[in-house]
Amino acid sequence: MQHVLIALSITLLVSGCAVIDMPGPNTDNPDWVEDRLQSAENGRSAPAVIPVTSLPAGEAAAMDEAARRLMVQKAEMEADANRLEADNQRGSATDFLADGQTRTQPPQQ
């Protein structure tokens, strides 16, 4: 039975490889690709000089101040988040049990 399965698997594998048409190295591009490649030759050329752009002094200072304010606000928000997280943390089960034992009185008989 195993020989039949092996022979069948090999036959299917070989026939599957024969059916698949592998692309050759000289595959032609679609028409739109050829058109784009031809039009790229007539495209824009790089500028001879890249212009230097800089911000005016007042605008740069204003942007720096806005960044500083954002950093302060971010630090305040992180501090608030850390404080809330610390307040909401629960202790361990042992701490809960010890706290409950100190607050409750055993039943009187």
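Everything below is about the structure printed above this text.
The structure reproduced in this document is the subject of the present report. Model, not experiment: these values are computed from the prediction. Numbers given for residues are sequential positions, taken from 1 along each chain in its written order. The model is predicted, so local features are restricted to residues of pLDDT at least 70 and side-chain atom pairs to those at 80 or more, both for listing and for counting; the totals for chains, interfaces and linings are taken over all residues. Excluding hydrogens and water, the side-chain figures rest on all heavy atoms present in the structure.

Brief notes about the overall build of the protein
Inference 1: Broken down by element type, the protein carries 4 helices and 0 strands.
Inference 2: Secondary structure elements are defined from DSSP: runs of H or I of at least 4 residues count as helices, runs of E of at least 2 residues count as strands, and each element is numbered from the N terminus. Reading the helices (α) and strands (β) of the protein from amino to carboxyl end gives α-α-α-α.
Inference 3: A buried classification covers 1% of the 109 residues belonging to the protein.
Inference 4: All accessible-area figures derive from a Shrake-Rupley calculation using a 1.4 Å probe, and residue coverage is judged against the displayed protein chains alone. Carbon together with sulfur atoms contributes 59% to the accessible area of the protein, which is approximately 11,000 Å² in total. Exposure classes here rest on a 1.4 Å probe applied to the protein chains alone. A residue is buried below 20% of its type maximum, exposed above 50%, and partly exposed in between.

Quick word on a nonpolar patch on the surface
Inference 1: Judged by side-chain polarity, Ile 6, Ile 10 and Val 14 come together as a nonpolar surface patch covering roughly 290 Å² of accessible area.
Inference 2: Structurally, Val 14 can be placed in helix H1 (residues 2-19).
Inference 3: Taking the relative accessible area as the measure of exposure, Val 14 reaches 53% and is therefore exposed. For patch detection, residues must exceed 30% relative accessible area and be free of salt bridges, and they are connected within 9 Å for like charges or within 5 Å for nonpolar side chains (Val, Leu, Ile, Met, Phe, Trp, Tyr). Salt bridge criterion: a side-chain nitrogen from Lys or Arg within 4 Å of a carboxyl oxygen from Asp or Glu.

Considerations on a negative patch on the surface
Inference 1: We count Lys and Arg on the positive side and Asp and Glu on the negative side, and we leave His and both chain ends out. Every charge is mapped to an atom, namely NZ of Lys, CZ of Arg, CG of Asp or CD of Glu. Negative charge collects at one region of the surface, where Asp 28, Asp 31, Glu 34 and Asp 35 lie side by side.
Inference 2: As for its placement among the helices and strands, Glu 34 is situated in helix H2 (residues 31-40).
Inference 3: For Glu 34, a relative accessible area of 32% translates into the label partly exposed.

Remember that the coordinates give geometry; whether it matters functionally is a separate question.
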